[in-house]
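Summary of the model geometry
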Amino acid sequence: MTKKAARTHARNPLYFMLKLYLGVRNREFYCPSPVRQVLFSFLRWNIGIACYVFSFISGIYPRFRWFNNRSSRQADEIRNGLIAKLTGRIRSTAGGSKLYIGSLSPGCLHCIEGDWACNFVNRLCNRDCFFCKRSHSLVREELEPETWGFFFPDPTAHLNYLRTFHIKGVSFSGGEPLLVKERLLQHMAAVRDELGDSVYIWMYTNGDLVDSSVLEELRDAGLDEIRINIAAGEYDLSPAKMAREYIKTVTVEIPCIPEDHQKLTALLPEIRKAGVDFLNIHQLSVEEQNCRELMRRGYHFTGDYPGITVYESEICALKLLLHAVENGIDLPVNYCTSPYKHRFQGRGFRKQRASAFPRAFEELTATGHLRRLSVSSSSRQIHELVSRLQENSIDPRLWKLDEDEASISLHSSLLQKIEWPGSDVTITYFKPGVAPGEGSIRLNAANLKPDNKIVFRGRGLNQPLVELWRRLYIAGEDRESALRAFASRRDPQAAMSRDPDVVLRMSEYEIQKQGFPEIV
């Protein structure tokens, strides 16, 4: 089974145009150059016209909405006003991108650490919720369990995956996992029997197929936590109440649907009374499969590119948190934001992939990207550098001489060994990846190969630029003081330096963004 086999829906041109529009809109919004702003504005308007044409053809033109510059500022003020009211009254983590009351479930803690993986044990579902990111109604046949393109024909393959990527939190999702109950129980029991209490196991369900016998089987198979999406079942709490008798941790996990805000606020005390341990709420996110349905509801689309989200859903989530605080509702509530998912879940995924092929001269940045420093110089200088490293008994794992012996890759701690001038440095950032070998059932590090993708490369950096880079991303100096030090250099190397913009652009791969992005 391949990734291609799992793609059961046709490409959505409207979603493609919308993503392109918001990508250009972000560039326009954050671009400091007036000339480029005009260019991006021109592109945005032309793409916007195409979006309207596609939406008109789809029959949803009258309700297709996005923010302009003025309305985005007003929307930002409303959102930030709610956050200001919550500040000091609730907790936050993950760089301020995850807001919560009380505590977080153990599964959420594994998510933050980045050491969890979700087994999509099936793709079929008995529901077809408008907000779902997966078009289950378009799935015509049952597919093998899968995680990020790795397919598991049996539990052994899944176990090999968990060991290879050092997974400590295992979740099961779908589709609706209970539609393939025997498969679910088989995989779950294998994980518990083989890895014991070293892993935390939870699952997602809409609750339709939950009954006492099913819950008893799930408990006996080793389930630690069940997460029930009551929004799929008209907010019926019966499955959660029943699960309370069998499963140690019961979580209600729902999207924040703007039209249901009043219903949700009224339901908070009932959720607590039902014995629910945690309430997880999510901002509606726009995907290829659900974009038409979300457009038909007249929502505003915004996002921290590449993510596209529903503005009104975030306002609903923040108001729900504020209501819980102001009314003293004793229920842990976790707002799992879209920025959190893109930044921290993405970072966790990259860290897992990087762990399969650790090389000491490559470093993992705070954003989960791999960084490689390569020094180029004359053959004489390169060999002299190698000699210095060997004479100083430097760990040979911290450097690697390239095959042509014209450059050397080394750990950033060895920068002081470089001989300037006459040398230059290339700093390359990779998105870590792995490619599976033949036969996924034998999945392990021995039959995988690296599949890293270059996301940024800064070539030909001289000593002043490398020193600016070191100050910013190794020493952690603030940007203003590091740039002042760079500008104050008077040596010939500094005079030859290019604009520091190439170093500043590396911040995207070095520094984890904090808080909430501006609304665009």
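Here goes a summary of the coordinates provided.

Analysis parameters
Residues numbered from 1 in each chain as written. Predicted model: local features only at pLDDT ≥ 70, side-chain atom pairs only at ≥ 80, totals over all residues. Heavy atoms only, no water. Pairing = 2+ DSSP bridges. Helix = DSSP H or I, 4+ residues; strand = E, 2+ residues; numbered from the N terminus. Salt bridge = Lys/Arg side-chain N within 4 Å of Asp/Glu carboxyl O. Buried < 20%, exposed > 50% of the residue type's maximum accessible area, 1.4 Å probe, protein only. Core = buried A, V, L, I, M, F, W, Y, C linked by side-chain atoms within 4.5 Å. Contact = heavy atoms within 4.5 Å. 1 Å grid on protein atoms, 1.4 Å probe; cavity = no way out; pocket = protein on both sides within 12 Å on 5 of 7 lines; lining within 4 Å. Points joined across faces, edges and corners; volume = space filled by probe spheres on them. Nonpolar A, V, L, I, M, F, W, Y, C, P; charged D, E, K, R; others polar. Phe/Tyr/Trp six-rings, centres within 6.5 Å; stacked < 30°, edge-to-face > 60°. Lys NZ or Arg CZ within 6 Å of the ring centre and 35° of its normal. Expected span 1.5 Å × (residues − 1).

**Digging into the sheet that holds strand 1 (residues 65-66)**
Within a beta sheet, neighbouring strands are joined by backbone hydrogen bonds and run either parallel or antiparallel to one another. Here three strands make up an open sheet; going across it, the order is 1-12-13 and the pairing mixed. Looking along the sheet, the strands with just one partner apiece sit at the ends: strand 1 and strand 13 (309-310). As paired strands, strand 12 (residues 300-302) and strand 13 are joined by two bridges and run antiparallel to one another. Paired with Thr 302 across the strands is Thr 309, a residue of strand 13.

**What to know about the pattern of salt bridges**
Taken as a whole and judged by the stated rule, the model has 32 salt bridges. Note that Arg 44 is salt-bridged to Glu 28, the shortest N-O span being 2.5 Å. One end of the pair, Arg 44, is in helix 3 (residues 34-57); the other, Glu 28, is in helix 2 (residues 13-30), and 16 residues separate them in sequence. Taking relative accessible area as the criterion, Arg 44 reaches 9% and is therefore assigned buried. A salt bridge links Lys 181 to Glu 217; the nearest nitrogen and oxygen atoms lie 2.9 Å apart.

**Things to note about the nonpolar core**
Counting residues in each nonpolar core, the largest one holds 104 residues, and the members touching the most others are Leu 218 and Phe 301. With 10 residues, helix 12 (residues 311-326) is the largest single contributor of residues to this core. Each residue touching Leu 218, except ones within four places of it in the same chain, is listed here: Leu 178, Leu 184, Leu 185, Met 188, Met 203, Leu 223 and Ile 247.

**Let's talk about empty space enclosed by the protein**
Under the definition given, this model contains three cavities of 30 Å³ or more. Roughly 120 Å³ of internal volume is contained in the largest cavity. Around the largest cavity sit 14 residues that line it, and Arg 79, Thr 302, Thr 309, Glu 314 and Pro 517 are the ones nearest its centre. Broken down by secondary-structure element, the contributors of at least two residues to the lining of the largest cavity are helix 12 and helix 13 (338-355). Partitioning the lining of the largest cavity into residue classes produces five nonpolar, five polar and four charged. Here the second largest cavity defines a volume of roughly 50 Å³. Around the second largest cavity, the lining residues are Arg 353, Ala 354, Phe 357, Arg 359, Glu 362, Leu 370, Gly 433, Pro 450 and Asn 452. Looking at side-chain class alone, the lining of the second largest cavity contains four nonpolar, two polar and three charged residues.

**Remarks on the packing of aromatic side chains**
Inspection of every chain in the model, using the stated rule, returns 14 aromatic pairs. Ring centres 5.4 Å apart and planes at 80° place the aromatic pair Phe 130 and Phe 131 in the edge-to-face group. Phe 131 matches Phe 130 in its accessibility class, with the two residues each being buried. By way of ring pairs, the aromatic residues Phe 150, Phe 152, Tyr 161 and Phe 165 are connected into one cluster. For the cation-ring pair, Lys 98 lies above Tyr 340, with the distance from its terminal atom to the ring centre recorded as 4.2 Å.

**Focus on helix 12**
Between its terminal C-alpha atoms helix 12 stretches 23 Å, which fits the 22 Å expected from 16 residues at 1.5 Å a residue. Most of helix 12 sits inside the fold, with 13 of its 16 residues counted as buried. Gly 328 lies just past helix 12 and shows a positive phi near 60°.

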